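Structural characterization, general
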Amino acid sequence: GFSASYNCQEPPSPHIQPGLCGLGNLGNTCFMNSALQCLSNTAPLTEYFLKDEYEAEINRDNPLGMKGEIAEAYAELIKQMWSGRDTHVAPRMFKTQVGRFAPQFSGYQQQDSQELLAFILDGLHEDLNRVKKKPYLEPKDANGRPDAVVAKEAWENHRLRNDSVIVDTFHGLFKSTLVCPECAKVSVTFDPFCYLTLPLPLKKDRIMEVFLVPADPQCRPIQYRVTVPLMGAISDLCEALSKLSGIAAEN
């Protein structure tokens, strides 16, 4: 007789590239996975966690934070995704922690991806805020001072209360200009933002491929690519074809 032994644990594949790691769907949690993949591929943030820089900066006493638990859960997930051991992981522990602090994400139904991204960024920011005691600051008016000066002051004030890897990587300033309709006084303010919501441009046209078959049986059909309005009518198609073929639109 003979005996054979089988190793149930597969050795790590040499083909696995750290960071190229799928995230298992835990129900309808693709909204979470897409946000996590974007964050995982934000190099400065991922390096910060892989180098364990977060450990020295966890702020467990911040009343606006989550006692450092969101930062720790996110760090564990990033380390898994970038270990080079797995082609995919199931982000169960991270999902559980998010659900504890934001009950709207505790189930397994579809949710808004941007809303979750906002929660993660805000949660990481407060969990890793280097400011232990936030000072009270009076907002100052621009009073005609140059934009560069006002913006620098607004940014420095923001940093006095908010200082984290999230601020370093994601935060910026909006410039808002208000003009009083009564006295024409111009008021300029610079406000911090963490994510920019941009409108998607709407497609107004579409391209169609059509064959023009002349009434003269001696002439061969000709193929044209025409640009027509997305919600157009047959008359739009006839006019576009007329311009290309030289045949009157009404024909």
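Presented here is a report on the structure given in the accompanying data block. (Residues numbered from 1 in each chain as written. Predicted model: local features only at pLDDT ≥ 70, side-chain atom pairs only at ≥ 80, totals over all residues. Heavy atoms only, no water.)

In the contact formed by helix 3 (residues 69-81) and helix 5 (residues 113-127), the axes pass within 8 Å of each other and the chain directions differ by 110°. When the axis of helix 3 is compared with that of helix 5, the two are roughly perpendicular. Crossing of helix 3 against helix 5: the hand is left-handed. Of the residues in helix 5, those in contact with Glu69, Ile70, Ala71 and Tyr74 of helix 3 are Phe119, Gly123, Leu124 and Asp127. Across the contact of helix 3 with helix 5, the residue classes break down as five nonpolar, one polar and two charged. (Axes fitted to C-alpha atoms, helices over the stretch in contact; angles between N-to-C directions. Helix = DSSP H or I, 4+ residues; strand = E, 2+ residues; numbered from the N terminus. Parallel < 35°, antiparallel > 145°, perpendicular 65-115°, else oblique. Left-handed = near helix turned anticlockwise from the far one by under 90°. Contact = heavy atoms within 4.5 Å. Nonpolar A, V, L, I, M, F, W, Y, C, P; charged D, E, K, R; others polar.)

In this section: the environment of glutamate 126. For glutamate 126, the position within the fold is in helix 5. Classification of glutamate 126 as buried rests on a relative accessible area of 10%. Separated by 28 residues in sequence, glutamate 126 and valine 98 have C-alpha atoms that sit 14 Å apart. The contacts of glutamate 126, once residues within four sequence positions are left out, are Asn59, Asn62, Leu64, Gly65, Lys134 and Asn162. (Buried < 20%, exposed > 50% of the residue type's maximum accessible area, 1.4 Å probe, protein only.)

This paragraph deals with a nonpolar patch on the surface. On the surface, Phe174, Leu196 and Leu198 cluster together to form a nonpolar patch covering roughly 320 Å² of accessible area. Position of leucine 196 relative to the elements: it lies in the loop between strand 4 (186-193) and strand 5 (205-212). (Patch = residues over 30% accessible without salt bridge, like charges linked within 9 Å, V, L, I, M, F, W, Y side chains within 5 Å. Areas by Shrake-Rupley, 256 points an atom, 1.4 Å probe, with all protein chains shown as cover. Salt bridge = Lys/Arg side-chain N within 4 Å of Asp/Glu carboxyl O.)

Okay, the nonpolar core next. Counting residues in hydrophobic clusters, the biggest one holds 37 residues, and the most contacted among them are Phe49, Tyr74 and Phe94. For this core, the elements supplying multiple residues, two or more each, are helix 1 (30-40), helix 2 (43-50), helix 3, helix 4 (92-101), helix 5 and helix 7 (165-170). Of the residues forming this core, the biggest block, eight residues, is contributed by helix 3. Setting aside residues no more than four positions away along its own chain, phenylalanine 94 makes contact with Met32, Leu36, Ile70, Ala73, Tyr74, Leu77 and Ile120. Among the nonpolar cores identified, the runner-up in size contains eight residues, and Leu212, Tyr224, Leu237 and Leu241 belong to it. (Core = buried A, V, L, I, M, F, W, Y, C linked by side-chain atoms within 4.5 Å.)

Another point: the environment of threonine 29. With respect to the element layout, threonine 29 can be found in the loop between strand 1 (22-23) and helix 1. Taking the relative accessible area as the measure of exposure, threonine 29 reaches 0% and is therefore buried. On a C-alpha basis, the gap between threonine 29 and glycine 172 in space is 29 Å, while along the polypeptide they are 143 residues apart. Residues in contact with threonine 29, not counting those within four places in the same chain, are Gly24, Lys95 and Tyr108.

With that out of the way, let us pick up the state of the cysteines. Disulfide: a covalent bond formed between the sulfur atoms of two cysteine residues. In this structure the tally under the stated criterion is zero disulfides. Here cysteine 30 is not cross-linked by a disulfide; its sulfur's nearest cysteine counterpart is in cysteine 38, at 13 Å. (Disulfide = S-S within 2.5 Å.)

This next bit is on the pattern of salt bridges. The tally for this structure, following the rule as stated, stands at 15 salt bridges. With a shortest N-O distance of 3.0 Å, arginine 145 and glutamate 153 are connected by a salt bridge. The buried category is assigned to glutamate 153, whose relative accessible area is 19%. It is possible to trace a salt-bridge network through shared partners that takes in Glu57, Arg130, Arg159, Asp163 and Asp168.

What follows concerns the side chain of serine 164. Among the structural elements, serine 164 can be located in the loop between helix 6 (147-161) and helix 7. What serine 164 contacts, discounting residues up to four positions off in sequence, is His125, Leu128, Asn129 and Arg130.

Let us now look at unusual backbone geometry. A positive phi angle, near 60°, is found at aspartate 52, a position not held by glycine. Tracing the backbone through its elements, the reader meets aspartate 52 in the loop between helix 2 and helix 3. Since its relative accessible area comes to 32%, aspartate 52 is described here as partly exposed. Positive phi, close to 60°, is recorded for lysine 67, a residue that is not glycine. With respect to the helices and strands, lysine 67 occurs in the loop between helix 2 and helix 3.

This part is about the side chain of aspartate 163. Residue position: aspartate 163 is located in the loop between helix 6 and helix 7. Once you skip the residues sitting within four places of it in the chain, aspartate 163 turns out to touch His125, Leu128, Asn129, Arg130, Val131 and Asp168.

The contact between helix 3 and helix 4 brings their axes to 9 Å, and the two run at 160°. Considered as vectors, helix 3 and helix 4 are oriented roughly antiparallel to each other. When you trace helix 3 past helix 4, the crossing you get is left-handed. Residue-level contacts link Glu69, Ile70, Ala73, Tyr74, Glu76 and Leu77 of helix 3 to Met93, Phe94, Gln97, Val98, Arg100 and Phe101 of helix 4.

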